[in-house]
Amino acid sequence: IVTLIGPNGAGKSTLIKVILGITKPSSGHIQNQKSLKLAYVPQKFNPSHSLPLRVKDLLNLEKCNPVIKAEIVQDTGIAKLLESKVQQLSGGERQRVLLARALLRQPHILVLDEPMQGLDIQSEAELYDYVRSLPERYNCSILIVSHDLQWVMQGTQRVVCLNKHICCSGLPDSIQQHPEYQAIFGTNRAFYQHHHNHCAHGDTATPCQHDPRPHIHPEPEA
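Keep in mind it's a predicted model, so treat the numbers as computed, not measured. (Residues numbered from 1 in each chain as written. Predicted model: local features only at pLDDT ≥ 70, side-chain atom pairs only at ≥ 80, totals over all residues. Heavy atoms only, no water.)

> How do you make sense of the side chain of glutamine 95 when you look at a structure like this?
Positionally, glutamine 95 belongs in helix α4 (residues 91–103). Excluding residues that lie within four positions of it along the chain, glutamine 95 makes contacts with Val41, Pro115, Leu119 and Leu127. (Helix = DSSP H or I, 4+ residues; strand = E, 2+ residues; numbered from the N terminus. Contact = heavy atoms within 4.5 Å.)

Take a look at the structure:
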């Protein structure tokens, strides 16, 4: 799990859209494997109420093995929502449906842009716990934008701090000591660290050889 953090307007959503190919970079380039599969859960999804869209209709837009689809529907807890209109779902229900749809693509990387926005505290906590389990459940990496620094420091293996540029990146405990991080978020917060024995990298430009994630190569400054 890699988390993008930074103040409003830092470029987090723009970076995600560039990685996904939704937006073309004005400079630099994105390098990834041709076989890389990405899935995206947007920050907002508000289809028109005039659109007769049920949950099962939305899921049927993605081609997937029926057995795998049934497992994902059961795993995300949306089986009872299949006949419901997407527009009538609660915030937590809608995010689970969008997660299920993204997982139907069986991605190598699942991209989440502020997936907890607008959720109540209980729904947010439940969804964060579920997101934390996804890499092991579905053998995928996660790139997530989040403003919840408490969760970022506990539930993430790597943090990238943006503010119109990459201020710093690395393990959660080292990020908190970086001057640019402290200038943005302050120095009064100390978070419990949840350590993992996974492959971790301190720099976005130096992946390990088996790492399938896209790697960002900014152009050198003049």
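> I would appreciate a short explanation of the nonpolar core in the present structure.
Here is a general trend for soluble globular proteins: nonpolar side chains tend to be buried in one another's company. By size, the foremost hydrophobic cluster in this structure holds 44 residues, and its most contacted members are Leu99, Leu110 and Val131. When residues of this core are assigned to their parent elements, the largest contribution, six residues, is made by α4. Not counting chain neighbours up to four residues away, the residues in contact with leucine 110 comprise Ala39, Val41, Leu99, Ala102, Leu103, Leu134, Cys140, Ser141, Ile142 and Leu143. Counting 13 residues, the second largest nonpolar core, distinct from the first, contains Val2, Leu36, Val111 and Leu143. (Core = buried A, V, L, I, M, F, W, Y, C linked by side-chain atoms within 4.5 Å. Buried < 20%, exposed > 50% of the residue type's maximum accessible area, 1.4 Å probe, protein only.)

> So what exactly am I meant to see when it comes to the sheet that holds strand β5 (residues 141–145) here?
An order of β3-β4-β5-β1-β6-β7 is seen for the six strands of this open sheet, with the pairing classed as mixed. The strands lining the two open edges of the sheet, one partner per strand, are β3 (38–41) and β7 (166–170). Strand-to-strand twist across the sheet, computed as the mean angle between neighbouring axes with direction ignored, equals 15°. Across four bridges, strand β6 (residues 158–162) lies against β7 in antiparallel orientation. Note on β7: the bridge partner recorded for valine 160 is serine 169. Sitting on the sheet, helix α5 (residues 121–138) touches β4 (109–113) and β5, and the angle it makes with β5 is about 145°. (Pairing = 2+ DSSP bridges. Axes fitted to C-alpha atoms, helices over the stretch in contact; angles between N-to-C directions.)

> Whenever I open this one, the packing of α4 against α5 confuses me. Can you help?
At a minimum axis separation of 11 Å, α4 and α5 run at an interaxial angle of 10°. When the interaxial angle is binned, α4 and α5 end up roughly parallel. Packed against α4, whose contacting residues are Gly92, Gln95, Arg96, Leu99 and Leu103, the element α5 presents Ser123, Glu126, Leu127, Tyr130, Val131, Leu134 and Tyr138 at the interface. Of the residues in the contact of α4 with α5, the class split is seven nonpolar, three polar and two charged. (Parallel < 35°, antiparallel > 145°, perpendicular 65-115°, else oblique. Nonpolar A, V, L, I, M, F, W, Y, C, P; charged D, E, K, R; others polar.)

> Any chance you could explain α4 here in plain terms?
Given 3.6 residues to a turn, an α-helix orients residues that are three or four positions apart in the same direction. Helix length check: α4, at 13 residues, gives a terminal C-alpha distance of 18 Å against a target of 18 Å (1.5 Å per residue), a fit within 8%. Looking at the buried side of α4, the elements it contacts are β3, α2 (55–59), α3 (66–75), β4 and α5. (Expected span 1.5 Å × (residues − 1).)

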